[in-house]
Amino acid sequence: LQGIFVLGLPYALLHSGYSGLLLIVLAAALCCYTGKILIACLYEENEDGQLVRVRDTYEDIANACCKKLSPNLGGVVVNVTQVMELIMTCILYLVASGNLLSHSFPYVPVTEKTWSVIAFVTLLPCIFIRTLKIVSKLSQLCSLVHFVIIFVVITYCLTQMHQWSWAKFRLSLEFEDFLVSVGVIIFSYTSQIFLPTLEGNMKNPGEFRCMLNWTHFFACILKTTFALTAFLTWGEKTKEVITDNLPSFLETLVNLCLLTKALLSYPLPFFAATEIVYSCISKDNHSNYRSPLLALTVRGSFLLLTLLMAMFTPYFALLMGLSGSVTGAAMTFLLPSLFHLKLKWKKLSFLEKCADISVFILGFLCSLAGIVCSIKGLLEVFG
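About the thresholds
- Residues numbered from 1 in each chain as written.
- Predicted model: local features only at pLDDT ≥ 70, side-chain atom pairs only at ≥ 80, totals over all residues.
- Heavy atoms only, no water.
- UniProt positions renumbered as here; feature names shortened; annotations may be inferred.
- Helix = DSSP H or I, 4+ residues; strand = E, 2+ residues; numbered from the N terminus.
- Rg over C-alpha atoms; globule rule 2.2 N^0.38 Å.
- Buried < 20%, exposed > 50% of the residue type's maximum accessible area, 1.4 Å probe, protein only.
- Lys, Arg positive; Asp, Glu negative; His and termini not counted.
- Charge placed at Lys NZ, Arg CZ, Asp CG, Glu CD.
- Patch = residues over 30% accessible without salt bridge, like charges linked within 9 Å, V, L, I, M, F, W, Y side chains within 5 Å.
- Areas by Shrake-Rupley, 256 points an atom, 1.4 Å probe, with all protein chains shown as cover.
- Salt bridge = Lys/Arg side-chain N within 4 Å of Asp/Glu carboxyl O.
- Core = buried A, V, L, I, M, F, W, Y, C linked by side-chain atoms within 4.5 Å.
- Contact = heavy atoms within 4.5 Å.
- 1 Å grid on protein atoms, 1.4 Å probe; cavity = no way out; pocket = protein on both sides within 12 Å on 5 of 7 lines; lining within 4 Å.
- Points joined across faces, edges and corners; volume = space filled by probe spheres on them.
- Nonpolar A, V, L, I, M, F, W, Y, C, P; charged D, E, K, R; others polar.
- Phe/Tyr/Trp six-rings, centres within 6.5 Å; stacked < 30°, edge-to-face > 60°.
- Lys NZ or Arg CZ within 6 Å of the ring centre and 35° of its normal.
- Polar contact = N/O pair within 3.5 Å; in protein donor to acceptor, adjacent residues only side chain to side chain.

Looking at an unreviewed UniProt entry, one finds the protein chain named Vesicular inhibitory amino acid transporter and attributed to Motacilla alba. Check the Sequence similarities (unreviewed entry) section of the UniProt entry for the protein chain; it says "Belongs to the amino acid/polyamine transporter 2 family."

*Asks:* If you had to explain the overall build of the protein chain to someone new, which residues and values would you point to?
*Replies:* From N to C terminus, the protein chain includes 16 helices and 2 strands. Over its C-alpha atoms the protein chain spans a radius of gyration of 21 Å, differing by no more than 12% from the 21 Å that the globule rule assigns to 383 residues. With the principal axes as the frame, the protein chain shows a C-alpha extent of 65 × 50 × 45 Å. Scored against the burial criterion, the 383 residues of the protein chain give a buried share of 48%. For the protein chain, the distance from the average site of its 26 positive side-chain charges to the average site of its 23 negative ones is 4 Å.

*Asks:* Tell me what's going on with a positive patch on the surface, and back it up with residues and numbers.
*Replies:* Together, K67, K68, K342 and K346 make up a positively charged patch on the protein surface. Mapping K68 onto the fold places it in the loop between helix 4 (58–65) and helix 5 (73–104).

*Asks:* Before we move on, could you go through helix 2 (residues 9–16) and cite the residues and values that matter?
*Replies:* Within helix 2, 7 of the 8 residues are buried, which leaves the element mostly enclosed by the surrounding structure. When helix 2 is considered as a whole, its buried residues turn out to be L9, P10, A12, L13, L14, H15 and S16. Positive backbone phi, approximately 60°, marks G17, located one or two places after helix 2.

*Asks:* Before we move on, could you go through the nonpolar core and cite the residues and values that matter?
*Replies:* The biggest cluster of nonpolar side chains holds 103 residues, and the ones touching the most others in it are L94, Y189, F226, Y266 and F339. Apart from residues no more than four positions distant in its own chain, Y266 is found in contact with C90, Y93, L94, L123, C126, L303 and T306.

*Asks:* Tell me what's going on with empty space enclosed by the protein, and back it up with residues and numbers.
*Replies:* Across all of its chains, the model carries 1 cavity of 30 Å³ or more by this definition. A volume near 30 Å³ is recorded for the largest cavity. Sorting the residues of the lining of the largest cavity by element identifies helix 2 and helix 8 (175–186) as the ones contributing at least two each. The element best represented in the lining of the largest cavity is helix 8, accounting for 4 residues. Counted by class, the lining of the largest cavity contains 4 nonpolar, 3 polar and 1 charged residues.

*Asks:* Mind laying out a nonpolar patch on the surface, listing which residues take part and the relevant values?
*Replies:* On the surface, I357, I361, F364, L365, L368 and V372 cluster together into a nonpolar patch covering about 540 Å² of accessible area. With respect to the element layout, F364 can be found in helix 16 (residues 350–382).

*Asks:* Tell me about the side chain of E85, residues and numbers included.
*Replies:* Tracing the backbone shows E85 in helix 5. Excluding anything up to four places from it in sequence, E85 contacts I193, T327, G328 and M331.

*Asks:* Describe the packing of aromatic side chains, naming the residues involved and giving the relevant values.
*Replies:* Summed over all chains, the structure comprises 7 aromatic pairs. Seen in terms of ring centroids, Y156 and W234 are 5.9 Å apart; in terms of plane orientation they differ by 15°. Their pairing is stacked. One end of the pair, Y156, is in helix 7 (residues 132–158); the other, W234, is in helix 10 (residues 208–234), and 78 residues separate them in sequence. An aromatic cluster of at least three residues, connected via ring pairs, comprises W214, F217 and F218. Across the ring face of Y189, the terminal group of K223 is positioned such that the distance to the ring centre comes to 3.8 Å. It is K353 that lies over the ring of W345; its NZ or CZ is 4.0 Å from the centre.

*Asks:* Give me the layout of surface pockets: which residues, what numbers.
*Replies:* Taken as a whole, the second largest pocket encloses approximately 540 Å³ of empty space. Residue lining of the second largest pocket: 18 residues in total, with K36, I39, A40, L51 and R209 positioned closest to the centre. Counting only elements with at least two residues in the lining of the second largest pocket, the list comes to helix 3 (18–40), strand 1 (43–45), helix 10 and helix 15 (316–344). Counting residues per element, the lining of the second largest pocket draws most heavily on helix 3, which supplies 5 residues.

*Asks:* Describe the side chain of T229, and please don't skip the residues or the numbers.
*Replies:* Within the element layout of this structure, T229 appears in helix 10. Polar side-chain contacts of T229 include one of 2.8 Å to the backbone oxygen of T225. Within the local environment of T229, its side chain forms a polar contact with the backbone oxygen of F226, the two atoms lying 3.1 Å apart.

Below you can see the structure in the form of structure tokens.
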């Protein structure tokens, strides 16, 4: 999903001006911070003062925070939120695949929904994915394709350096347009849903914080460079998806790369969503959880659900914005800071408490603003 958001960063700069450059850096720092405090919630000190991993998932953290109210309340809320976001992400990949195929082969008499079905057929092998190893290999290929896309766009922009001008940056901002930019920039970094599983599967979990620092640092450099060079090249003519600004021969090439990226990206949220469902089922019936038939049924149902919603949900982009404002902000800012305050309050310094509270307030304001803008857009469409 980050690749799709990254392609919208130049458009975000169009509406945020110089503040957009600052936002790209700030969003990297905030998302890196919430990732660290989320993982910190997995650990507690033992009698010898050593940190021991006593929780494994986001759900475990939520249950620990809400155990006085209800033993499973926090886990249910987190699981529902995670599955909603993951399903919406999978649906977005299908919608994007249909759109990209339609634009890449405009002379083929096939509708965009039919192209989505064709893309869906290529994803059927996801039913047989049983381990994170396969997903990680597909994600590596996805990252490679992502860098090819970025390289092509930046290389073309560098050939247009003679027409660059800092005067293209806007000084006056429209509030609603600025909020859209904030959403695009912040959610281009979100990955908190996957972090507990990722940290738990590392050969050396002690290197997690260092890994998170470097990945966010390089992501920030790459995104700033990409957004800046693209915006300086096209200025006011910058489109929502920057590939639409490219010459036709490059646009087709990049669209096919994006299609490949979308299809390779699908297995990660799909696998994560089905694993959450499996873990819930296993609490009630351990024998059925291991049933191959049940596994195929659940995965097949998820695949079919994403296809049906991709084809028949009207105004999907606006609904995606609405759900993203709720689930994305909650999983990235609200819950990590809230859980950290709850579980570590006595051990946090004054500055750490202030940082967590500030992140929570910022996340709440971003979520509220996104909800208002999305609902306003839906009312205008249905009005």
